[in-house]
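Architecture and fold: a report
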Amino acid sequence: MAIQTSINGKPVALAAEPDTPLLWVIREELGLTGTKFGCGIAACGACTVHVDGEPTRSCSLPVSEVAGKSITTIEGLKSADGRLHAVQQAWISAQVPQCGYCQSGQIMAAVALIEKTGSPSDAQIDEAMTNICRCGTYPRIRKAIHAATGQAAKAAKPAEGGA
Amino acid sequence: MADTPATEVQPAAPAKRKGVKRRAFLIGGVAVVGAGLFGISIADRNAAKSAKALLESDGGHIFATWLKIGEDDSITIYSPHTDIGQGSNTGLAQMLAEELDAAWDQVRVVSAPAEPAFANVGLGRAFLADMTRQPAIINGIPQSFLSFIARQMNLQMTGGSTALRFTGRVTFQNVGAATRLALVETAAKRLAVPVAELTTQDSHVIHAKSGRSLRYGELAAEAATLSLDNAPKLKDPSQYRIMRQSMQRLDIPAKVDGSAQYGIDFSVPDMRVATIMAAPVRGGKLTSVDTAPALAVKGVEKVIKLDDAVAVVAKGYWPAISGLRALTPQFSDGGNGGISTASIFKAQGDLMAKGDADGEASDGDVQAGLGAQPIEANYQVPFLHHAMMEPFALTAHFKDGKLNIWGGMQDPLATKMMAVDVSGLDADDVNFHPMIIGGSFGRRLPMYMEIVGQVTKLAMQLPYPVKLIWSREEEVAQGAYRPQSSAALKASLTKEKRLAAYRNDYAQPESAESETVFPYALPAVSRRHFAHVSNQQTGAWRSVNSTQQGFYNESFMDELAHAAGEDPVVFRRNHLKAGSRHVRVLDEVAARSGWGSPLPAGTGRGVALVESFRTIVAHVIEASIGEDGMPKVHKVTTVVDAGSIVNPDAAMAQIEGGTIMGLSSAIGEAITLENGAVQQSNLADYPLLKMAGAPLEIDIHFLNSGADMGGIGEPGVPPAAPALANALFAATGKRVRNLPILTQAKA
């Protein structure tokens, strides 16, 4: 029986076996490859998506548990007119990514943190940002979160007109 | 690396190879020396012709193989290096575009095809000497680095921090400059003016006198028919507009919106997904497996037995890994079942105690200098796992006699040649399509690419395309680890607190001699290598042997400073050559870190100075031990002399990342063995540094001494571990001689 859910604002019916982790449904059934496989045990966070706004490690969440819920992946962060989210822009300004493989997950975790705290302190960043980056981009991630904070609050409001 | 099984092919190069160990890097020996590197002097015109045909098939005009100028002024640069996120492709583009006077916003970089015509022969000494006529560069490369690059000949390898300092300086800047000359010559003819009256800017040739200008795009077709100058004059750095600027990295936008396609993201219709488990005890073989439990998993289509592994092919990764986990395959241990971390350390210690070294580099009479009662310390470091975030993943499809492979590897050409070897097909029937790489740090180098053989074997017997993904468990258990290594260090001090003699005995698979730079000028120094090989595959781990050698020497220098009762900076300074680059780096880091200024109780400051890949890096670290027993790094001050820097911000990112990788390994990382098998299973028991453990601040300063360009991707790593260990000694009085610090703290 198909599992009904919503991905990036669009309703979808998923054919996957109910025990399949959400990650593999997103990647292989929906073809959204921005969400990455890193460890399969929720240790690294490369697979982080939002489930009803909560940052969630999709490699360890059976797809049956997202029935009726709303999922956002990295592909769903841009605004309708294709403009990057303020956090994504901050990531470019701070030249955060190196290999870039973990960065979808880092960005999803950062967006959730900012939505929750508004303007996170260093201690809040340390506590919430537990995704692994082997390239060692942590100082730039921190910098980008700080830089994005004001902008992110503005971007969350409905269109104020103009870029 | 001595225990790495690999194919060796006699290189085609006529280079002087005396004293250079031939290694597995030479798999791609099929490439023709000089082919395709530089338009005019190529040894094999057929290879260059095929390269030209390949790249011009979609329009544009090719210069010296590595550059294409479109009629619309677009500039495409074909990089023989794999940008793993270190920014090397952006840097290479900056170097070429600078000399070409290209409009930067028109420049893009793509991977050079995995074809012999694009072999990066520019890394070889023979090419340097014969074709570029730049003896100054060649003479500036010490033998240790020549041996390093000699291993890479004929390949498209990325490693050894070589992309910009060799490929960039030797090839790309010259290609840019020579192409600019060809465009100017063409313009002079067309405008009927002397060459001397023409200037270039933003992809235009300009004749200021008459106010006329021509676009590169409209000159390219004719200019591409000219012979290129083999030794064009390069710009004086004072004229640079693109180099030495922090240009934004070209690869970053696609890495923030999920659109970048990594090897693991590749997909074709009808593709199946496979995953694999190799013998847990390296050296073992698959003896039996009941395939039924896997085949009972919905979505599983096939179980394939390989010599030393079993693979499950399914409709997706989840059924594949579920099927694999349902199996209980039996493997032999290849006689390696008795090997453990402890047994390796014991064997290494025994070898050193016996004193029969496999190699020695020495200066002065060390034995006499050490005297009867030298200061001694023994150090040990574990195997380290690369833990790149993208697990190995390659897709292969064998159809109509042709094999196509897609994915990200550090050496596309060698990947293709390995698939040729395993499949038995002709090289013309095998294509490798390089994709973006999710980290490597040395793991995806040619000599340990067993996944290439695995996916080739699977594809050759399957009627559909197959993507082979290694689970993280497989990745951790089947690594190409930084070697587990031991060192026995001895030194003696004179009455004047000066070192009289210094001996570094170390045991590990390979000699570290070609990579070790000991900067201190002492009357007698000796390094002795004791070769010990286990069943584990060992390989290049970011900064290679400099990680453990840097830790040994810079920790022991700290011990000796304390033994002499001298400040660690002063003690080092007293043993460095006056006026040297090393002294400048050390003085600068002392000044910038506030060395000697008071610190809160429980916090200590440590210094370490290591040269690797021709770049000198010093860290001063402030650290303490937290209530949880975890080392806490408060601040890192870093000074780097890499000679010169192509892209300051990208270089800074590399030093930041290298520092954090060095700290991560020092604090928590270890691969251990029991009964011949790796004990760690995933990232849960291989703890990598996270945000909370990373320093809040890494203050990095580049000295830019103007010396020949050094590497930047690796040299930030080696001084991190000793600087931290020295800081913890200053804070707690406890000396760290075994890594990682965490297991020692727990013990």
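Being a predicted model, the structure only gives us computed values, none of them experimental.

Looking only at helices and strands, one finds five helices and five strands in chain A. Starting at the N terminus and walking to the C terminus, you meet the elements of chain A as β-β-α-β-β-β-α-α-α-α. A globule of 163 residues ought to have a C-alpha radius of gyration of about 15 Å, and chain A, at 16 Å, matches this closely. By principal-axis analysis of the C-alpha atoms, chain A measures approximately 45 × 40 × 25 Å. Within chain A, the proportion of its 163 residues that are buried is 56%.

Turning our eyes to something else, we now look at the domain arrangement of chain A. Residue and element names in this part refer to chain A. Considered domain by domain, chain A is made up of domain 1 (3-76) and domain 2 (86-156). Taken residue by residue, the interface counts 15 residues in domain 1 and 12 residues in domain 2. Mapped by element, the contributors of at least two residues to the side of domain 1 that touches domain 2 are β3 (48-51) and β4 (54-57). Among the elements that line the side of domain 1 that touches domain 2, the one with the most residues is β3, at three residues. Taken together, the residues of the side of domain 1 that touches domain 2 break down into six nonpolar, seven polar and two charged.

This part covers the interface of chain A and chain B. Contact with chain A, which involves 46 residues of that partner, is made by 47 residues of chain B. Elements with a minimum of two residues in the side of chain A that touches chain B: α1 (22-29), α2 (86-93), α3 (103-117), α4 (122-128) and α5 (138-156) of chain A. Looking at the side of chain A that touches chain B residue by residue, the classes come out as 24 nonpolar, 15 polar and seven charged.

Residue and element names in this part refer to chain B. The residue after Leu739, namely Pro740, is reached through a cis peptide bond having omega 0°. In this fold, Pro740 is placed in the loop between α19 (720-732) and α20 (741-746). You will see that Arg244, though not glycine, has its phi angle at about 65°, which is positive. Along the polypeptide, Arg244 turns up in the loop between α7 (216-223) and β8 (272-278). We classify Arg244 as partly exposed; it has 16 C-beta atoms within 10 Å. A positive phi angle is found at Arg614, which is not glycine, with a value near 70°. In this fold, Arg614 is placed in the loop between β22 (604-612) and β23 (615-625). Residue Arg614 is classed as buried on the basis of its C-beta count, with 22 C-beta atoms lying within 10 Å.

This part is about the packing of α2 of chain A against α3 of chain A. All names here are of chain A. Two elements in contact, α2 and α3, have axes whose closest approach is 10 Å; the angle formed by their N-to-C orientations is 125°. By the angle between their directions, the pair α2 and α3 is classed as oblique. With respect to the hand of their crossing, α2 and α3 are arranged in right-handed fashion. Residues Val87, Gln88 and Trp91 of α2 touch α3, and the partners they reach there are Gln103, Ile107, Ala110, Val111 and Ile114. Residues of the contact of α2 with α3, tallied by class, amount to six nonpolar, two polar and no charged.

This brings us to the sheet that holds strand β11 (residues 309-314) of chain B. The pairing of strands in a sheet comes from backbone hydrogen bonds and takes either a parallel or an antiparallel form. All names here are of chain B. Pairing is mixed in the open sheet, where seven strands are placed in the order β10-β11-β8-β18-β15-β16-β17. Across the chains shown, the open sheet's two edge strands, defined by having one partner strand only, are β10 (300-305) and β17 (430-434). With strand direction ignored, the average angle separating the axes of adjacent strands in the sheet is 20°. Where β8 lies against strand β18 (residues 466-469), three bridges are found, and the strand directions are parallel. For Ala274, the partnering residue across the bridge sits in β18 and is Leu468. Together, β8, β10, β11 and β18 form the strand contacts of helix α9 (residues 317-326), whose direction differs from that of β8 by roughly 30°.

Residues and elements named next belong to chain A. An order of β2-β1-β5-β3-β4 is seen for the five strands of this open sheet, with the pairing classed as mixed. Both outer strands of the open sheet, β2 (10-14) and β4, are each paired with one neighbouring strand and no more. Direction aside, the axes of adjacent strands within the sheet are offset by 40° on average. Where strand β1 (residues 3-7) lies against β2, five bridges are found, and the strand directions are antiparallel. Counted as the bridge partner of Ile7 is Lys10 from β2. Across the sheet, α3 is in contact with β3 and β4; its angle to β3 comes to roughly 35°.

A few words now on the pairing of strand β7 (residues 212-215) of chain B. Residue and element names in this part refer to chain B. Looking at chain direction, strand β6 (residues 204-207) and β7 are connected through four bridges and run antiparallel. Bridge pairing in β7 links Ile206 to Ser213. The antiparallel pairing of β6 with β7 creates a hairpin that spans four residues between the two strands, and Gly211 there sits at a positive phi of about 70°.

The rules we used
- Residues numbered from 1 in each chain as written.
- Chains lettered and ligands numbered in written order.
- Predicted model: local features only at pLDDT ≥ 70, side-chain atom pairs only at ≥ 80, totals over all residues.
- Helix = DSSP H or I, 4+ residues; strand = E, 2+ residues; numbered from the N terminus.
- Rg over C-alpha atoms; globule rule 2.2 N^0.38 Å.
- Buried ≥ 20, exposed ≤ 12 C-beta atoms within 10 Å, placed from the backbone.
- Domains from an automatic or database assignment.
- Contact = placed C-beta atoms within 7 Å.
- Nonpolar A, V, L, I, M, F, W, Y, C, P; charged D, E, K, R; others polar.
- Axes fitted to C-alpha atoms, helices over the stretch in contact; angles between N-to-C directions.
- Parallel < 35°, antiparallel > 145°, perpendicular 65-115°, else oblique.
- Left-handed = near helix turned anticlockwise from the far one by under 90°.
- Pairing = 2+ DSSP bridges.

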